[in-house]
Amino acid sequence: MTQIPQPKPGILDIAPYVGGKSKIDGVAEPMKLSSNENMLGAGDKARAAYEAAIRNIHIYPDGRATKLRAAVAEHHGLEPERLIFGNGSDEVFALLNQTYLTPGDNIVSGQYGFLAYRISALANQASVKSAPEPDFKATPEALLAQVDERTRIVYVSSPSNPTGSYNTPDEIRALHEGLPPEVLLVVDEAYAEYVTEPDWETSFELARHSENIVVTRTFSKIHGLGGLRIGFGYAPLKVAEAVDRIRLPFNVSVPGIEAAVAALGDAAHQKASRELIQTWRPRLTQALRGFGFDVLPSAGNFVLIRFRDVDTCQAANAWLNEKGIIVRPVGGYGLPECLRITVGTDDQNRAVIDAMSEFAAR
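Residues numbered from 1 in each chain as written. Predicted model: local features only at pLDDT ≥ 70, side-chain atom pairs only at ≥ 80, totals over all residues. Heavy atoms only, no water.

Participant: Go over the nonpolar core with me, naming the residues and quoting the values.
Facilitator: The biggest cluster of nonpolar side chains holds 40 residues, and the ones touching the most others in it are L68, F219 and L225. With five residues, helix 9 (residues 254-264) is the largest single contributor of residues to this core. The residues contacting L68, other than those within four sequence positions of it, are F85, F219, I230, I257, A260 and V261. Counting 32 residues, the second largest nonpolar core, distinct from the first, contains Y191, V327, V343 and A351. (Core = buried A, V, L, I, M, F, W, Y, C linked by side-chain atoms within 4.5 Å. Buried < 20%, exposed > 50% of the residue type's maximum accessible area, 1.4 Å probe, protein only. Helix = DSSP H or I, 4+ residues; strand = E, 2+ residues; numbered from the N terminus. Contact = heavy atoms within 4.5 Å.)

Structure below.
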């Protein structure tokens, strides 16, 4: 019998990541509120930089992303040599897992943690240990209870997708202090720029003085560059140097680098994007709760509705689709009774409120 190449053990057991739906049959231009994108789009400066970069797309990018490295370091007050750049922060997670995980190791994340952590860990023949989130929030105590002698990385999202919860500085410090020094703590701050809560702060400063903390950010959210796939991690120098040995040499594109640099300098677009969320996130939450729905508190650019049962959730999703609105069912996260809705433009948010008002009154 002819033998064919077989994937290594466990690969075919991994459930592939399924992104937010983008089309509805019979609807030419649906409102896509399923992927937590910046519904204002990219800023004018980033768009102009992208267009200008077209003349150089025949040239390989700078493998060190030197221009972007310098811009990120200056913008956030970080040491440039400690930055890891990736094809989205997803690739940074994958690179960390590839660098530190061996078969039989494990990672720890919250019960509803971002699926990208899990996928690349399993691809490295490691296992995933999930800390319970009874209140839809990962806690230091629950995460630390899952750590054992084979744990290599602990992931925490703050704010967290899809629940919208976040961790305070004291909670992040307690988690870090409770970890063995050989375990890496990765703090995913993809939604950091949208946080308004006074008891949240970035973990950059904590990471500055630690040998086992990585903080990740993305250009996909506040900067509106989801289609260009730019993310970075701020890591201890030894971690950054180790990851750099396996990072593919040209993983960040020429247009991506130029657009990301421009986006960092576009304070007006960042302000407008932030103010849209600050205005509409509480309005959406209040309106949906007023219709009798359970809406979890959110620190991101989205809200999560928890329905009384799975059937009602599916009916609401179908109803919104009929109105030309695409939202995100999150059964893949173990929340089959929930829908996640990205905060959109004024018109999009009003359309969601109108549709859910009609659904509640049926």
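Participant: Outline the side chain of N317, supporting the account with residue identities and numerical values.
Facilitator: Looking at where N317 falls in the secondary structure, it is placed in helix 11 (residues 310-322). N317 gets classed as buried once you look at its relative accessible area, which sits at 15%. Excluding residues within four positions of it along the chain, N317 makes contact with V327, P329 and L339.

Participant: Run through the packing of helix 2 (residues 66-76) against helix 9, naming residues and quoting values.
Facilitator: Relative orientation of the contacting elements helix 2 and helix 9 amounts to 20 degrees, with a least axis distance of 9 Å. On the basis of their axis angle, the class for helix 2 and helix 9 is roughly parallel. The two elements helix 2 and helix 9 cross, and the hand of that crossing is left-handed. Contact residues: helix 2 offers K67, L68, A71, V72 and H75, while helix 9 offers I257, E258, A260, V261 and L264. For the contact of helix 2 with helix 9, a count of residues per class yields seven nonpolar, one polar and two charged. (Axes fitted to C-alpha atoms, helices over the stretch in contact; angles between N-to-C directions. Parallel < 35°, antiparallel > 145°, perpendicular 65-115°, else oblique. Left-handed = near helix turned anticlockwise from the far one by under 90°. Nonpolar A, V, L, I, M, F, W, Y, C, P; charged D, E, K, R; others polar.)

Participant: Pulling in residues and values, what's your account of the sheet that holds strand 3 (residues 106-110)?
Facilitator: Taken in spatial order, the seven strands line up as 2-8-7-6-5-3-4 in an open sheet, and their pairing is mixed. Edge positions in the sheet fall to strand 2 (83-87) and strand 4 (127-131), since each has one partner strand and no second. Within this sheet the neighbouring strands show an average axis-to-axis angle of 25 degrees, counted without direction. Sheet analysis places strand 3 next to strand 5 (residues 151-157), joined by three bridges and oriented parallel. Pairing of V108 across the sheet is with V154, part of strand 5. Against the sheet, helix 2 contacts strand 2, strand 7 (213-218) and strand 8 (230-234), and its axis sits at roughly 120 degrees relative to strand 2. Against the sheet, helix 3 (residues 89-100) makes contact with strand 2, strand 3, strand 5, strand 6 (184-188), strand 7 and strand 8, and its axis sits at roughly 165 degrees relative to strand 5, the strand it touches most. (Pairing = 2+ DSSP bridges.)

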